[in-house]
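# Overview (structure and organization)
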Amino acid sequence: MKALHIKLLRDLRRLRAQVLTIAVVVAIGVAGFVGMFAVHESLLVARDSFYRENRLADVFANVKRAPATLRARLADIDGVAEVKTEVVFDAQIDLAGVDPPVTGRFIGLDLALVQSGRQGMNRLTLKRGRWPEAGGALEALVSDRFAVARGLQPGDSVQAILNGRRERVQVVGTAVSPEYVFASQGGAPDDMSFGIWWIDADRMVQIFDMEGAFNQLSLGLYPGVPPARVIESVDRLLERYGAFGAVARERQLSTKIVEDELSQLKVMGTVLPAIFLAVAMFILNVVLSRQVATQRGQIAALKALGYSDGAIAWHYIQLALVIAGLGVVVGLGLSVLIGRGMLGLYDEVFRFNRLSYITSPALVTLSVLIAAAAAATGTWTAIRAVVRLSPAQAMQPPAPPAYRATLIERLGLGRHVSTGALMVIRNLERRPLRALFTVTGIALAVALQISGAFWLDAINHIIDTQFRRVQQGDVLVNFHRPVPVDVVRDLQRLPGVIDAEVYRFEPVRVTGGARTEDTVLMGLRGQARLMRLVDETRGPISLPPHGVVLSALLARELNVDIGDRIELEFRLWNRRRVQLEVVDVVHTMFGKQLYMELDTMNRLAGDGNGVADAALQVDPQSLDAFWQAVKTAPTINSVFDKSSSLNNFRDNTARTMGIFSGVLTLFAIAMAVGIIYNAARISLSERAWELASLRVLGMTRAEVSVLLLAELGAELLIALPLGALAGWGLAELLMMLMSSDAIDFPVIIEPATYASAALIVLAAGVVSALLVRRQVDRLDLVAVLKVRE
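So, a few notes on the structure that sits alongside this text. Everything quoted here is computed from the prediction, not taken from an experiment.

As a further point, take the overall build of the protein. When helices and strands are counted, the protein shows 23 helices and 22 strands. The principal-axis extents of the C-alpha atoms in the protein amount to approximately 100 × 60 × 55 Å. Here the protein holds 789 residues, and the buried ones make up 52% of them. Relative to all contacts within the protein whose residues are 6 or more apart in sequence, the contacts with residues 24 or more apart total 82%.

And the structure:
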């Protein structure tokens, strides 16, 4: 074995505690990088395979009612390879033993094609049970996520109000669809309140009086055909039938939610591991700088014996690579645990046909190269000056630094500071770069902890805004078809209803300058109380009797501001076009929407005073009687129970965010311990002679420990507020990278989150200090003082 190899083993053994802490930091960075990207890659492969095998369509469109004869003209559009038309309606469902009714989206399923094995596009995968059969009882397949959430099994039956008639529906199986990986009515997916139900297409047509018509369209395109050109042709054909506007696959609601989830995972897999690897590089730099400084004589001897500068540099780089290699090995093992755990959570959500954990050799190789590069970079910056010295220069001790009075002393304040405090101040000021690195590392640990915990604050803010400030009503109801605005009086007569307000949604096409956007116009009463327009900073907004209000996201998309004029085209009924002034821009969290006073909206639309939605305030003591009345109301199409949805939202997010936040907390603790422990050990090795001398002069172990650790405590206290600021910046960065064109979340970090992050890192610092304190207590005074002689 070569001499340098023997020296390498000795150095590793002597530095074993520091090697371990640095390797842990590297391992966490590698585990996060490989684990998250492996999950991302696994989900991409599963998603693409699922979409391909189940033949997800390329273009989607909804229409009020279009004749089936239009199918041939749609098929003739240049680039269209396949056309699928369906009848789709939402309906109220009464589940046994459940008080609030839930909403089901009923879709006609061509059983003849299913039996022949030719489902076509958006094909279903049967998970449990069997396919529905024509004739006899009304049988249905249910979306698997909804069935699991509600405990539905093949053989169960429910009551549904279909087109105003109460029907018994028997569940015969569960299925998954590429079109409804996430099933949503437009807001956040809620598997407890909303599910997909597939029934015989012929029965669907009969029940909803849709003979010779359809209201949902899917198109498959030839490879390489741009969807935009086809969408333009589809919109022209469907325009007269009340089209909502066709969209490409990437803008279809479920597909977009899946894509946003994957994009956010990719961001997390890039930003957070980068922090750990940067910190590992910094620790290696500091540790090896001290190692090289204490081994100047050994380096001189090696040079005198004929070892080249390159050989000596490679020796120290090998030391760093061994540490990084240990971290990589542990990190790859940890990445499997993290990856499989995350994939298990995603499997519950996505329900793809096949989902298996994949770690590509390229990803492992890249992680090794990144860790090695970080280690080599940190090492080279530490050793490059020393290894270039001649043997004679290296034999001499380094030139003593040119000390001068500290700033406090120059200002004449030194006499007001104790001797111990002055020693701490001198060390910090005379080694500013090292202090800066230590403070930065601790601050990053605080920031990492905040970046994991602030999501819970953001979720609480969403809950407070959407469920308490915007939706002040207890129940939202949707009618099967538009009803007069005076339906409020009928609603107020329902058991327990204290107040009721109507509102309206209408699909529109808005044009500002050269930009056009298909979106939704919401009509509210000017002084609405139960369903309100709320600005993030200004609070509730009263809608004026003229003009239109835009969400900030839409205003930014159209590049318009207050005072500009836009063109509004109503997509349904009379399809009027009107020119309107933008009278306000509000900052909402969700959607690119427009808002208008309800009477003004009805007048401009020119289709009467119909509404299809209402918000109700209900006496909690009368909820049982209220739900019974709603379940027998034939005109109520679907129901949103705020209390149930809020509880479901909290349960779903609390579990996922709790796990995520807990993992990041453990990682932040490991990072803090690695930084603080190494900083303290280095300081001890540099000041061992000084501390031993003070012990000989009569200072106690506790007093000596305070002198050593007070510097670390000062750095820790400086780092905590900086870490809070860095945490806010990191949260802003993550929000910016994860944002989409339909979400505008503010960064909300509660004081308790800052406090808990600071306390956790402070506790990690105390533990690290206690470990080093044991080393101070064990100092061999004679041996240490001899080294200086």
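When you line up the elements, Thr516 lands in strand S14 (residues 515-524). According to the relative accessible area criterion, Thr516 is partly exposed, its value standing at 44%. Separated by 52 residues in the primary sequence, Thr516 and Leu568 place their C-alpha atoms 9.9 Å from one another. At a separation of 3.3 Å, a polar atom in the side chain of Thr516 contacts the side chain of Thr511.

Attention now goes to the sheet that holds strand S2 (residues 80-86). The antiparallel open sheet is built from 4 strands, whose spatial order is S2-S10-S1-S11. Two strands lie at the open edges of the sheet, namely S2 and strand S11 (247-248), each paired on one side alone. As judged from the 6 bridges shared by strand S1 (residues 59-67) and strand S10 (residues 213-221), these two strands associate in the antiparallel manner. Paired with Pro67 across the strands is Ala213, a residue of S10.

Quick look at unusual backbone geometry now. For Arg55, which is not glycine, the phi torsion reads 55° and is therefore positive. With respect to the helices and strands, the residue Arg55 is situated in the loop between helix H2 (16-53) and S1. Arg55 gets classed as partly exposed once you look at its relative accessible area, which sits at 36%. Look at Asn163: it is not a glycine, yet its phi comes out positive at around 55°. Counting through the fold element by element, Asn163 comes out in the loop between strand S7 (157-162) and strand S8 (165-176).

Turning our attention to empty space enclosed by the protein. Within the structure shown, the criterion is met by 4 cavities of 30 Å³ or more. What lines the largest cavity is a set of 22 residues, among which Arg434, Ala679, Ala680, Ser683 and Glu715 lie closest to the centre. Within the residue set of the lining of the largest cavity, elements represented by two or more residues are helix H8 (253-294), helix H15 (432-470), helix H20 (642-696) and helix H21 (701-738). The biggest single contributor to the lining of the largest cavity is H20, with 9 residues. Of the residues belonging to the lining of the largest cavity, the class tally is 11 nonpolar, 5 polar and 6 charged.

Rules used throughout
- The residue count restarts for each chain, going from 1 along the sequence in the order it is written.
- With the structure being a predicted model, the display of local features is reserved for residues of pLDDT at least 70 and the display and counting of side-chain atom pairs for 80 or more, all residues being used for whole-chain, interface and lining totals.
- Water and hydrogen atoms were dropped before computing side-chain values, which therefore reflect all heavy atoms in the structure.
- Helix and strand definitions here come from DSSP, where helices need a minimum of 4 consecutive H or I residues and strands a minimum of 2 consecutive E residues; each element is numbered from the N-terminal end.
- Exposure is judged per residue with a 1.4 Å probe applied to protein chains only, and the accessible area is read against the type maximum: over 50% gives exposed, under 20% gives buried, and values in between give partly exposed.
- Residue contacts are counted whenever heavy atoms from the two residues lie within 4.5 Å of one another.
- Any N or O atom pair separated by 3.5 Å or less is treated as a polar contact, with the protein-specific requirement of one donor-capable and one acceptor-capable atom, and with residues adjacent in sequence counted only for side-chain atom pairs.
- Two strands are said to pair when DSSP picks up at least two bridges between them.
- Using protein atoms alone on a 1 Å grid, points that fit a 1.4 Å probe yet trap it form a cavity, whereas open point sets bounded by protein on both sides within 12 Å along at least five of seven lines form a pocket; residues with an atom within 4 Å of a point count as lining.
- Grid points are joined across faces, edges and corners, and a volume is the space filled by probe spheres set on the points.
- Three categories are distinguished: nonpolar for Ala, Val, Leu, Ile, Met, Phe, Trp, Tyr, Cys and Pro, charged for Asp, Glu, Lys and Arg, and polar for the others, with Gly belonging to the last.

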